[in-house]
Amino acid sequence: MLEEIRTEELDVERFISEKVKEIADAVGEGTAINALSGGVDSSVVTLLGHRALGRRLRTVFVDNGLMRQDEPEQVVRLFQELGVPVELVDAREQFFAALKGVTDPEEKREAITQTFYRDVFGRIVRESGARHLLQGTILTDIDETVAGIKRQHNVFQQLGIDPQQAFGYQILEPLIQLRKDGVRKVGQALGLPASLFARIPFPGPALAARVIGEATPERVETVRKATVVVERLLQDRGAFQYLAILHQDRVTGIRDGQRDFGQQIEVRSWDSVDARTARPSRLPFELLEEMAEAILREVPGVVSVTYNLAPKPPSTMEAI
Ligand code: XMP
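Residues numbered from 1 in each chain as written. Predicted model: local features only at pLDDT ≥ 70, side-chain atom pairs only at ≥ 80, totals over all residues. Heavy atoms only, no water.

*Asks:* Help me out: how do you make sense of the domain arrangement of the protein in this one?
*Replies:* When the parts come together, some accessible area is lost, and that loss is often what is quoted as the size of the interface. Split by domain assignment, the protein resolves into domain 1 (7-197) and domain 2 (211-307). Each of domain 1 and domain 2 was reduced to a C-alpha centroid, and the two centroids are 28 Å apart. Listed as interface residues are 19 residues of domain 1 and, on the opposing side, 18 residues of domain 2. Contact between domain 1 and domain 2 buries roughly 1300 Å² in total, counting both sides, with carbon and sulfur atoms accounting for 53%. Where domain 1 touches domain 2, the interface holds one salt bridge. (Domains from an automatic or database assignment. Contact = heavy atoms within 4.5 Å. Buried area = accessible area lost by both parts, 1.4 Å probe. Salt bridge = Lys/Arg side-chain N within 4 Å of Asp/Glu carboxyl O.)

What follows is the structure in structure tokens.
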């Protein structure tokens, strides 16, 4: 396995030219596909791929129904402005069908992985004749998967899975030696706008990682609405990542003088450098109150809002 490149030791220009060459050599005269989610990692891979392959790289954004409010359209528009055409593929029905009735966290991840790599990308790759998929796996994804903490949805080789055999294509991972802070530096040097390279991390399983229990379209919509509030109120606070989680248990509340057995939202805001360890941000109580009130007002069916105080470890940053 390739060695870690520590962020302090990262020579950004050299890294970029080496990776551009590696991608160009691996793909040869062929074509490659890349999956853009709009996160920092996949955005950086998209730009590296474009430098290496130009029009021989097809960039696809898969709408899995689990993304944040208006995210698919926003990401496509942003990359269009950077001169990178992005195809939007609507796979919402496929993902919700695969998630139906699934409540166990690892089974949920597996359902998303299989739908993404085998069904959606399997078909796109077969139809396009490409042999390579470029993706933005980073070192932290590998560490935690290998340590058996969480199966990150994009990790294969390290688990003994050969993507060529399992899905019919090879996966290229140019960021595999970096951590998040290193990826951000590379993104900045590649000319990604701050709105992209400074974006907070968002997990591969998307909002399904923030719904405890079954990820139905309705439950995902609830956590999506809560996410809008949390991101709006915390965007200028300098935290590493902030998110909303929908709990499975219901609690008794009152609405309009009536008993309302309602849903619970948990808010998390993390201070961290590289996501390996993290502490809850020390937010002013007034801001927490404002956030709770906004969630109760803007997210139907919610009667309880909590703020997580447990650090990672033993917590993890996402909920599943
Ligand atoms: P955890 O929850 O493992 O998250 O402490 C560490 C960082 O990785 C991001 N991330 C993921 N988390 N499954 C996850 O649980 C994934 O597939 C995934 N991909 C990325 C997460 O958002 C946090 O920044």
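*Asks:* In this structure, what is going on with the packing of helix α1 (residues 12-27) against helix α2 (residues 40-53)? I would like to understand it.
*Replies:* For any two helices packed against each other, one specifies the crossing angle of their axes together with the interaxial distance. Contact pair α1 / α2: the axes reach a minimum separation of 8 Å and the direction vectors enclose 60 degrees. Here α1 and α2 pass one another in a crossing that is right-handed. Between α1 and α2, the residues in contact are I16, K19, V20, I23, A24 and V27 and L48, G49, R51, A52 and L53, respectively. (Axes fitted to C-alpha atoms, helices over the stretch in contact; angles between N-to-C directions. Helix = DSSP H or I, 4+ residues; strand = E, 2+ residues; numbered from the N terminus. Left-handed = near helix turned anticlockwise from the far one by under 90°.)

*Asks:* Help me out: how do you make sense of the pattern of salt bridges in this one?
*Replies:* Opposite charge on two side chains lets them pair, provided their charged atoms get close. As enumerated under the stated definition, the model contains 24 salt bridges in all. The partner of E4 in a salt bridge is R6, with the nearest N and O atoms 3.9 Å apart. For R6, a relative accessible area of 41% translates into the label partly exposed. For the salt bridge of R92 with D90, the shortest nitrogen-to-oxygen distance reads 3.0 Å. Its relative accessible area of 40% is what places R92 among the partly exposed residues. By relative accessible area, which is 52% here, D90 ends up exposed. (Buried < 20%, exposed > 50% of the residue type's maximum accessible area, 1.4 Å probe, protein only.)

*Asks:* It is not clear to me how the pairing of strand β6 (residues 241-246) should be interpreted in this structure. Could you clarify?
*Replies:* Two faces belong to every sheet, and in a regular strand the side chains alternate between them. With six of its six residues buried, β6 lies for the most part within the structure. Residues Q241, L243 and I245 of β6 are buried on one face, and the alternating residues Y242, A244 and L246, pointing to the opposite face, are buried as well.

*Asks:* Before we go on, may I ask you to explain unusual backbone geometry in this structure?
*Replies:* In most cases, non-glycine residues show a negative phi, while peptide bonds are predominantly trans. Residue K312 is joined to P313 through a cis peptide bond whose omega torsion reads -15 degrees. Secondary-structure assignment places P313 in the segment after β10 (302-307). Each neighbour pair has its own omega, and for P313 with P314 the value is 10 degrees, a cis peptide bond. Tracing the backbone through its elements, the reader meets P314 in the segment after β10. The phi angle at A206 is positive, at roughly 55 degrees, despite the residue not being glycine.

*Asks:* Would you take a moment to explain the environment of A24 for this structure?
*Replies:* As for its position among the elements, A24 is in helix α1. On the basis of relative accessible area, A24 is assigned to the partly exposed category, the value being 26%. Placed 26 residues apart in sequence, A24 and H50 show a C-alpha to C-alpha distance of 9.9 Å. Beyond its immediate sequence surroundings of up to four residues, A24 is in contact with A52 and L53.

*Asks:* How should I be thinking about helix α8 (residues 180-189) in this particular structure?
*Replies:* Side chains of residues three or four places apart in an α-helix project in the same direction, reflecting 3.6 residues per turn. All of the buried residues in α8 are K180, G182, V183, R184, V186 and G187. Contacts from the buried residues of α8 go to α1, α2 and α9 (194-197).

*Asks:* Before we go on, may I ask you to explain the pairing of strand β1 (residues 32-35) in this structure?
*Replies:* The two faces of β1 match: A32 and N34 on one face and I33 and A35 on the other face are all buried. Of the pairings in the sheet, the one linking β1 to strand β2 (residues 57-63) comprises four bridges and is parallel in character. Residue pairing for β2: A32 is matched across the bridge by L57. Between the parallel pair β1 and β2, the chain is carried across by α2, and the sense of this crossover is right-handed. Looking at chain direction, β1 and strand β4 (residues 132-134) are connected through three bridges and run parallel. Bridge pairing links I33 to L133 in β4. (Pairing = 2+ DSSP bridges. Right-handed = clockwise from strand over helix to strand, strands pointing away.)

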